[in-house]
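# Structure assessment
Read off the chains here:
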Amino acid sequence: AGILNFCANNYLGLSSHPEVIRAGVETLERFGAGLSSVRFICGTQSIHKDLEEKIARFHQREDAILYASCFDANAGIFEALLTPEDAVLSDELNHASIIDGIRLCKANKYRYKHMDMQDLEAKLQEAQKHRLRLVATDGAFSMDGDIAPLQEICRLAEKYEALVFIDECHATGFLGPNGRGTDELLGVMDKVTIINSTLGKALGGAAGGYTTGPKPLVDLLRQRSRPYLFSNSLPPAVVGCASKALDLLMESNAIAQSMAAKTQRFRSKMTAAGFTISGQDHPICPVMLGDARLASVMADDMLSRGIYVIGFSYPVVPKGKARIRVQISAVHSDEDIDRCVEAFTEVGRKHGALP
């Protein structure tokens, strides 16, 4: 009782929103607990098609395809799209699901230094000998809270005739003026070819992922993407919750806009207290501590003060880069944020992380 959760991906607070919960219950009662089938057999209901159409409309793309998770979406796209004649160029700090998806395909693989545009350009020049080139990056990187330089990536992609793929799991719903993500935030919605994202974070927090982009790509994935073809359909209740979450976002950008002030409040107060916060104005706020044991014991002490956070250390993050990753939510009040900062300050002084 009385514990504040500061480590969930529930950026917009929609996983506990009354309308989202009610939509899930109503959909469960009307459409059942599950389909007991994959999509192409008897696993497609009207609500699945409606949600795909809604996702495409939200991202202003032609079509969308649902998966059980964004991990499955990332596992299913590269193998279906790329051949041994093609090349994929991946940021070295991309999410594990992107890395695993790329491993499954037979394309020529290039890894460029994290957000290093000179290195990306050099790799694109080297990859000109291949038929098709795909640049793959997280839109917002989950461990550091930094945002990919999409304007420069898209400029290079245009120069070297490459496609751009972004994973928007830690951006969809709250980055950009209307919560469309990093491509909206940085003004390149018309230059990003493919978006993969999740329904399991800001959009209700339950499960599910998707790919959205050109209709011919989605048609190809329906025929060739193995996680789509061989995984059960999303349960109706999950579909209902996610659909209502998107309705709320498309009706008003108020929830998405509320994140900026809350994020700035936490970051500025923690910096003033003497902590180093990584990232670029993202609600992922990594409190950089360096030492794995320090991150662990500080997280334990934070819990005793009613703040739930988790320490991250190698191999989840590089050696020497241990941190406590704080995540701000729209449902955190200013008082909640101040309480969190006060607890960090007390614990930091106790363990020598602050003078």
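The following paragraphs examine the structure supplied in this document. All figures in this text were calculated on a predicted structure; none of them were measured in a lab.

### Here we look at the pattern of salt bridges
This structure, assessed with the given rule, holds 17 salt bridges. In this structure, D338 engages K269 in a salt bridge whose closest nitrogen and oxygen atoms are separated by 3.9 Å. Within this pair, whereas D338 is found in helix α13 (residues 334-350), its partner K269 is found in helix α11 (residues 254-273), the two being separated by 69 residues in sequence.

### Notes on the pairing of strand β2 (residues 63-67)
Of all five residues making up β2, five are buried, and the element is well covered by its neighbours. Judged by which residues are buried, β2 turns out to be covered on both faces: D63, I65 and Y67 on one side and A64 and L66 on the other are all buried. Across five bridges, β2 lies against strand β8 (residues 209-213) in antiparallel orientation. Of the residues in β8, the one forming a bridge with A64 is T212.

### Points about the sheet that holds strand β13 (residues 322-327)
Strand order in the open sheet formed by four strands is β9-β10-β13-β12, and the pairing between neighbours is antiparallel. At either end of the open sheet lies a strand with only one pairing partner, and these are β9 (276-277) and β12 (311-312). In terms of strand pairing, β9 meets strand β10 (residues 284-290) through two bridges, oriented antiparallel. What sits directly across from I277, in β10, is V287. The sheet contacts of α11 involve β9, β10 and β13, and relative to β10 the element is tilted by about 20°. Taken strand by strand, helix α12 (residues 292-304) contacts β10, β12 and β13, and its axis lies near 40° from that of β13.

Reading guide: rules and limits
Residues numbered from 1 in each chain as written. Predicted model: local features only at pLDDT ≥ 70, side-chain atom pairs only at ≥ 80, totals over all residues. Heavy atoms only, no water. Salt bridge = Lys/Arg side-chain N within 4 Å of Asp/Glu carboxyl O. Helix = DSSP H or I, 4+ residues; strand = E, 2+ residues; numbered from the N terminus. Buried < 20%, exposed > 50% of the residue type's maximum accessible area, 1.4 Å probe, protein only. Pairing = 2+ DSSP bridges. Contact = heavy atoms within 4.5 Å. Axes fitted to C-alpha atoms, helices over the stretch in contact; angles between N-to-C directions.

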